[in-house]
Amino acid sequence: MDSISRNRNTMSLEQLYDSIEYVTIIGNAEGDWALAPAGKTITFNTTYHEDAIHIRADHLSAPNKPLSVENTEHNGLFEEVLNTVSQSLEKRVNCAPSIGLVTAVMTAMVSKSVKLRRMTLLPNLAQIESTDELKRQRCLKYNWLGERRIALGIALTHPHMNWPDLYLKPKIDLTVTPHKDLNPFELLVGDIFGIEQNALDLARIQHQSTMPTDYQKQVNTLKTLANLDTQYWLATSNKDYLLECEGFFYNKQNDNGSHWYLKDFKASQYIDDIRHHLAYCQQILAFKALTV
């Protein structure tokens with residue numbers, strides 16, 4: 001590339017970044033939204049406004065398809081930057097990253113003010129009878145725990161990011177009978193860490209796509225873990241446990257294969273609460289890391 005071309009590309013990048021100095025990102029969660037009164041508004045996929053920058057992706061039907069951008073003067077360059085960020089993030093979450101995370105990371109690096117609304121990076125995994133199958137499959141394709149790990153890292157270290165929906169409240173149940181010496185992570189990861197079952201002798205949650213032969217025992221384990229007070233998770237959580245657990249909650253392959261408990265109606269009710277506990281532990285560890 002000659003010096004003239006490099007200078008033009010540099011000028012174009014500067015123009016792109018100048019155009020998104022102040023952005024409001026609107027996710028696809030429930031809730032009202034409106035165009036930002038100042039700066040640019042960014043929307044995704046099904047959320048659209050003709051006056052907002054719109055970014056599209058469909059990793060479900062076309063996992064290798066790049067992100068596309070509409071409604072800017074720099075669509076092509078914007079797409080280039082986004083897809084470069086996406087490729088980098090894919091290595092960190094072990095699957096295609098969501099469009100929301102990609103956009104959040106990009107704007108954290110180049111914008112002066114970023115507001116994020118309707119975006120928790122933690123959609124509900126609990127199945128309901130009216131669940132749209134395509135929407136459910138899309139939800140299960142993303143490593144949401146891994147995405148939140150990265151999102152917390154940037155949100156807590158970039159003061160210009162305002163992301164209130166990212167932060168969770170703990171699930172607390174004071175009616176639960178305490179279990180002495182219970183380590184919920186031992187039950188959840190089992191032989192991955194080479195840890196023997198504890199005194200409760202509850203079956204570990206298995207990594208398999210077919211229904212387990214001890215189905216009811218597995219569901220009872222999930223129920224026990226889901227109903228535990230958050231204190232038990234916090235007391236035993238650490239970075240290695242949480243990283244290992246990320247693979248339990250999404251489909252790693254681009255097919256319809258899935259861990260049995262993500263497909264099962266009853267089990268999915270509990271697995272969503274378990275994931276919430278893990279995400280809260282992840283959040284607390286991220287806060288603590290700032291004070292070290």
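Residues numbered from 1 in each chain as written. Predicted model: local features only at pLDDT ≥ 70, side-chain atom pairs only at ≥ 80, totals over all residues. Heavy atoms only, no water.

**Q** Any chance you could explain the confidence of the model for the protein chain here in plain terms?
**A** Detail in the predicted coordinates should be disregarded across regions flagged by low pLDDT. Within the protein chain, residue pLDDT values average 85, and 80% of them lie at 70 or more. Low pLDDT (under 50) marks residues 3-8, which in the prediction has one contact with non-local residues, meaning those over four places away or in another chain. Every residue in residues 191-203 is under pLDDT 50, and counting partners more than four places away or in other chains gives 32 contacts. (pLDDT = per-residue confidence, 0-100. Contact = heavy atoms within 4.5 Å.)

**Q** Explanation requested: unusual backbone geometry in the structure shown.
**A** Although it is not a glycine, arginine 118 adopts a positive phi angle of roughly 55 degrees. In this fold, arginine 118 is placed in the loop between β5 (113-117) and α4 (133-140). Although it is not a glycine, leucine 121 adopts a positive phi angle of roughly 55 degrees. Structurally, leucine 121 is set in the loop between β5 and α4. (Helix = DSSP H or I, 4+ residues; strand = E, 2+ residues; numbered from the N terminus.)

**Q** How should I be thinking about the packing of aromatic side chains in this particular structure?
**A** Aromatic ring pairs: the centre-centre distance and the angle between the two ring planes describe each pair. Tallying each qualifying case throughout the model produces seven aromatic pairs. Here the aromatic rings of tyrosine 167 and phenylalanine 287 are separated by 6.0 Å at their centres, their planes lie at 25 degrees, and the arrangement is stacked. Of the two residues, tyrosine 167 sits in the loop between β6 (161-162) and α6 (184-189) while phenylalanine 287 sits in helix α11 (residues 265-291), which places them 120 residues apart along the sequence. Taking relative accessible area as the criterion, phenylalanine 287 reaches 33% and is therefore assigned partly exposed. A centroid spacing of 6.4 Å and a plane angle of 45 degrees characterise the contact between phenylalanine 248 and phenylalanine 249, whose relative ring orientation is tilted. For phenylalanine 249, a relative accessible area of 3% corresponds to the buried category. Taken together through their ring pairs, the aromatic side chains of Phe185, Trp233 and Tyr241 make up a single cluster. (Phe/Tyr/Trp six-rings, centres within 6.5 Å; stacked < 30°, edge-to-face > 60°. Buried < 20%, exposed > 50% of the residue type's maximum accessible area, 1.4 Å probe, protein only.)

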